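Chain residues, written in single-letter form:
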Amino acid sequence: MPPESAIESHHFEALGTSCSLFSVGRPYDRLMEGELCVRRLGARFTRFSAESELSRLNASAGRWIAIGEEMEAMLRDALRAYEKSGGLVNIAVLGSMMAAGYTRPLSQGPTVAVLESARPLPALPDVLQVRDGGARLHPRAGLDLGGVAKGWMADRLCAWLGPNVLANLGGDLMARGDGPGCDGWPVGLGGVTVMLRDQGAATSSVRRRKWGAMHHLIDPRSGLPARTGVEEVSVVAATSFEAEVVAKTALLLGREAAPTYCAAHALAWWLGGSRDD
Amino acid sequence: MRALFLKAGATAITVVATVASALYVSSHLKNPSAPLQPSVLNANGNGSAVTALGGTVTVGPSVRPGNTQPVTSTYAS
């Protein structure tokens, strides 16, 4: 077995969570630049800033507006995720988030839930159109990228950072290259270690970002916080974004279908703590 | 007469081949040694299962379990 190479690492808080970047054979400065990338993308994708690119789209009242290359790619991938998940991964979730009381960063506390105003989510392709350099959102629809943006950013960041790197943005991670020992990057999943090489992992859960009986994971079929009998799913897939989509879909499918769905779409998976609902 | 005999023979061969094929296919719905198994048909037997805290980790053939300390983990945030 070849000797392990030294790992550079950089840890920081961004996107409302903890982020870690690791590299083999790249200078520490590169990881610092990676943090700047995360902050720059986060500032464009957040719904909590009125000046963000996402907030401009949410406030565009049904008009076509110009968007940047990264937002366009993000929205196109979100539409693909909608198709791939049979509609269960739907970023047109802002109204339900607001109804559940998730109106501002949870570090500032939730607001009162008004679930009577929650409705099943609209089909994403019916309310969101994307063209080269532009997007149009139905005036009564709103987008929240929180459920998919971290995985998407981890994939992009890894491609940018270098050939042997790992980016972990709040648990959504992408491992690129052979890792420190040339046998993959050792990553914890459900309490065991798996060696990832050009693979991503993500966890979807209703145990975090939770307040009272509410939590952040919305079931698009009801528009309400999901209660499917599965509390947490961790998945390994070809990319972090794909892992996030598969994990969220499996959680929303519930206990009966989740194992079969994971067997068909994940490279490794952990189903945690199902309960009766 | 000869043409009628040939037609009857061809018909008989066709019927026998159809019935035999149907019987074979219906009794061999899934070949366990086939190289391309749809993983959804094999949900419980695909990969190795490792019992972990609060659940079971299932690891498919393209992911290798490790025995070193992880540098980081996937988790809910």
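The shown structure was predicted, so the numbers you read here are calculated from the model rather than taken from an experiment.

### As for the pairing of strand β9 (residues 192-196) of chain A
Residues and elements named next belong to chain A. In terms of residue burial, β9 counts as a mostly covered element, since five of its five residues are buried. In this structure, strand β8 (residues 185-189) lies alongside β9, joined through five bridges in antiparallel fashion. Looking at β9, one finds that L189 is bridged to V192. Taken together, β8 and the strand that follows it, β9, pair antiparallel across an intervening segment of two residues, in which G190 is found at a positive phi of about 60°.

### Points about the packing of helix α7 (residues 240-253) of chain A against helix α8 (residues 258-265) of chain A
Residues and elements named next belong to chain A. Direction vectors running N to C along α7 and α8 enclose 160°, while the axes themselves pass 8 Å from each other. In terms of orientation, α7 and α8 fall into the roughly antiparallel class. Remark: the crossing between α7 and α8 carries right-handed chirality. Counted together, V246, T249, A250, L251 and L253 of α7 and A258, Y261, C262 and H265 of α8 form the full contact between these two elements. Along the lines of polarity and charge, the residues of the contact of α7 with α8 split into seven nonpolar, two polar and no charged.

### Quick word on unusual backbone geometry
The general pattern is negative phi for most residues beyond glycine and trans for most peptide bonds. All names here are of chain A. Despite not being glycine, L15 has its phi angle at roughly 60°, a positive value. Residue position: L15 is located in the loop between β1 (7-14) and β2 (17-24). Classification of L15 by C-beta neighbours within 10 Å gives buried; the count is 21. Although it is not a glycine, C182 sits at a positive phi angle of roughly 65°. By secondary structure assignment, the location of C182 is in the loop between β7 (172-176) and β8. With 15 C-beta atoms counted inside 10 Å, the residue C182 sits in the partly exposed group.

### Some remarks on the confidence of the model for chain B
All names here are of chain B. Residues at a pLDDT of 70 or more form 70% of chain B, whose mean pLDDT is 80. Summarising per-element confidence for chain B, the mean pLDDT is lowest in strand β1 (residues 48-52) (67) and highest in strand β4 (residues 72-73) (96). A low-confidence stretch, residues 37-45 stays under pLDDT 50, and its non-local contacts, those more than four residues away or across chains, total 11 contacts.

### A few points about the environment of A238(A)
Residue and element names in this part refer to chain A. Its place among the elements puts A238 in the loop between β15 (232-237) and α7. In this structure the C-alpha to C-alpha distance between A238 and S204, which are 34 residues apart in sequence, comes to 17 Å. Once you skip the residues sitting within four places of it in the chain, A238 turns out to touch Q199 and G200.

### Examining the sheet that holds β4(B)
The four strands lie next to each other as β3(B)-β9(A)-β8(A)-β4(B), forming an open sheet whose pairing is mixed. Both edges of this open sheet fall to β3 (64-66) and β4 of chain B, since each of them pairs with a single strand only. Sheet analysis places β9(A) next to β3(B), joined by three bridges and oriented antiparallel. Bridged to T193(A) within β3(B) is G66(B).

What counts, and where the lines are drawn
Residues numbered from 1 in each chain as written. Chains lettered and ligands numbered in written order. Predicted model: local features only at pLDDT ≥ 70, side-chain atom pairs only at ≥ 80, totals over all residues. Buried ≥ 20, exposed ≤ 12 C-beta atoms within 10 Å, placed from the backbone. Helix = DSSP H or I, 4+ residues; strand = E, 2+ residues; numbered from the N terminus. Pairing = 2+ DSSP bridges. Axes fitted to C-alpha atoms, helices over the stretch in contact; angles between N-to-C directions. Parallel < 35°, antiparallel > 145°, perpendicular 65-115°, else oblique. Left-handed = near helix turned anticlockwise from the far one by under 90°. Contact = placed C-beta atoms within 7 Å. Nonpolar A, V, L, I, M, F, W, Y, C, P; charged D, E, K, R; others polar. pLDDT = per-residue confidence, 0-100.

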